[in-house]
Amino acid sequence: MTKRISLKFLEAYLLIGFLGFLLITLAGSHMIESLLEEEISESLYQSAYRVAENESVKNNISSSNLNSIQANLYMISDYPSTVVWIINSEGDIIVSTRKDISPDQPIALQDFDPSDWGSNYYQVGNFYGYFQDTYLSVLAPITDNMTTKGYVAIHYLMSDLYQKRGEILFVIQILFLVVYVMAAYLILIYRHYVHKPLKEITHGASEFANGNLSYKIPVSSENEIGYLANSLNYMAEKLNRNGEYQRQFISNISHDFRSPLTSIKGYVDAMLDGVIPPDNQEKYLKIIAYEAGRLEKLTEGLLTLNELDIHKRLLNIQTFDINEVIKKTAATYEGDCTRRKILLELVLSGKELYAKADVEQIQQVLHNLLNNAIKFSRNNSTIIIETTEKNDKIFVSVKDHGIGIPKQSLHRIWERFYKTDISRGKDQTGTGLGLSIVKEIITAHGENINVISTEGVGTEFIFTLEKAK
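This write-up is about the structure you can find in this document.

Right, let's talk about helix H8 (residues 322-331) for a bit. Every buried residue belonging to H8 is among Ile322, Asn323, Val325, Ile326, Thr329 and Ala330, and all of these are buried. All buried residues of H8 project into a common sector of 160° when viewed along the axis, lining one side. At the N-terminal boundary of H8, the capping side chain belongs to Asp321, with an oxygen 3.1 Å from the backbone nitrogen of Asn323.

Residues Ile322, Phe463 and Leu465 are the most contacted members of the largest nonpolar core, which totals 37 residues. Among the secondary structure elements, those contributing two or more residues to this core are H8, strand E9 (354-357), helix H10 (359-375), strand E10 (382-390), strand E11 (393-399), helix H12 (434-444), strand E12 (449-454) and strand E13 (458-467). Counting residues per element, this core draws most heavily on H10, which supplies eight residues. For Leu465, the contacting residues outside a window of four places in its chain are Ile322, Ala355, Ala357, Ile362, Asp392, Lys393, Ile394, Val396 and Glu447. Formed by 29 residues, the second largest nonpolar core is a distinct cluster that contains Tyr13, Tyr122, Leu136 and Val138.

In this section: the packing of aromatic side chains. If you walk through the whole model with that rule in mind, you get 15 aromatic pairs. Judged by centre distance (6.3 Å) and plane angle (40°), the rings of Phe112 and Phe127 are tilted. Of the two residues, Phe112 sits in the loop between strand E3 (107-108) and strand E4 (122-125) while Phe127 sits in the loop between E4 and strand E5 (135-144), which places them 15 residues apart along the sequence. Among the residues examined, Phe112 registers a relative accessible area of 14% and is labelled buried. The exposure class assigned to Phe127 is buried, which follows from its relative accessible area of 5%. An aromatic cluster is defined as three or more aromatic residues linked by ring pairs; in this entry it consists of Trp85, Phe112, Trp117, Phe127, Tyr128, Tyr130, Phe131, Tyr135 and Tyr151.

How each quantity is defined
Residues numbered from 1 in each chain as written. Predicted model: local features only at pLDDT ≥ 70, side-chain atom pairs only at ≥ 80, totals over all residues. Heavy atoms only, no water. Buried < 20%, exposed > 50% of the residue type's maximum accessible area, 1.4 Å probe, protein only. Helix = DSSP H or I, 4+ residues; strand = E, 2+ residues; numbered from the N terminus. Arc of directions from axis to C-beta. Polar contact = N/O pair within 3.5 Å; in protein donor to acceptor, adjacent residues only side chain to side chain. Core = buried A, V, L, I, M, F, W, Y, C linked by side-chain atoms within 4.5 Å. Contact = heavy atoms within 4.5 Å. Phe/Tyr/Trp six-rings, centres within 6.5 Å; stacked < 30°, edge-to-face > 60°.

Quick look at the structure:
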């Protein structure tokens, strides 16, 4: 693909050069010629007009002595190779700066008619068939007392104009070619900043497609292409992490399923084989029921997470009293707290505090956090559930005084199936999915949850909710 882009870029560059040079040569030639015609004809007409207004010319054009007029014509020509004529009212050339016309022998112009000129003050041609070459001619009337006594005609050889046009056009063409050659530097820039990085990105995409997600695209430029390369590297890194996460996920779930299944299968086989006598089967049936309960909880947790993944954009948002929800949730754990002499203290902001969220999912969050707090609290300790409000946000805190979370494990507690080494011995019935479910629910609401914990001191979870207006 990059070869095709590079080739197209080169073809476009060559095409622009060819068309640009052709345009300058053709259109530029025409424009320069038009500008020179306008400039030269205007200057010639001004000279002709000054001659026509000269009193000596007006007074002597009808006399037989025209030498004085001819002597003055040599001094008015502003351009070399210019021919100046004095034409009488009958259309005869009576004075000329060229020696081929003598005042004593005027030359009559065939079909000379000044009215043909109209509003134009110059024409390009052979001036009524007189010249063999092409001239630019201007014509100015000599008037005296509202009477036209003759005309002043000045002729400029067009070959001189073409020469000037060619000189100017040559300079423009040279400048264009210089700029065009300098623009070739863009190709080098393209190859360095576009073609080469794209080639690296294409190779990297091929590596990713072949499963080599650890490959890094070696592009570090701070532009759009560099951003694309960094995005692809980040994508590959995330996919690689997800792959590791999936492998870890499968390993964890296999471990958590294998343990109760092995226990259930072992006891069932033992009873079927008669190894366990009937009078002792009740004991082992209770163990089987306990392990089946663990499997049920694990399955329910997985189903909950899967449902959150699918429906996290379909929340049933409503307004409810978060204080009332906390009271009801806390009441369900009254028996556990009483048995272990744990004081459940509610520090609620105001009598009522209305939040805007999915009340059922927030109840799930509170159940999971409170269940964890009770499970890892010491007997005769205190658990505090507190609500505060600030800047249109409600902050809900669940704080225990239990075993705490090791510092090195804090960043992993949201992972599915993750359990700290400390909790594994204490939490025999846990699935390692509770905090993952909490994180998914809070994130689905667009809110935040944080944890503060000190090992051996306790743990506090704080999450936010939108305050209802």
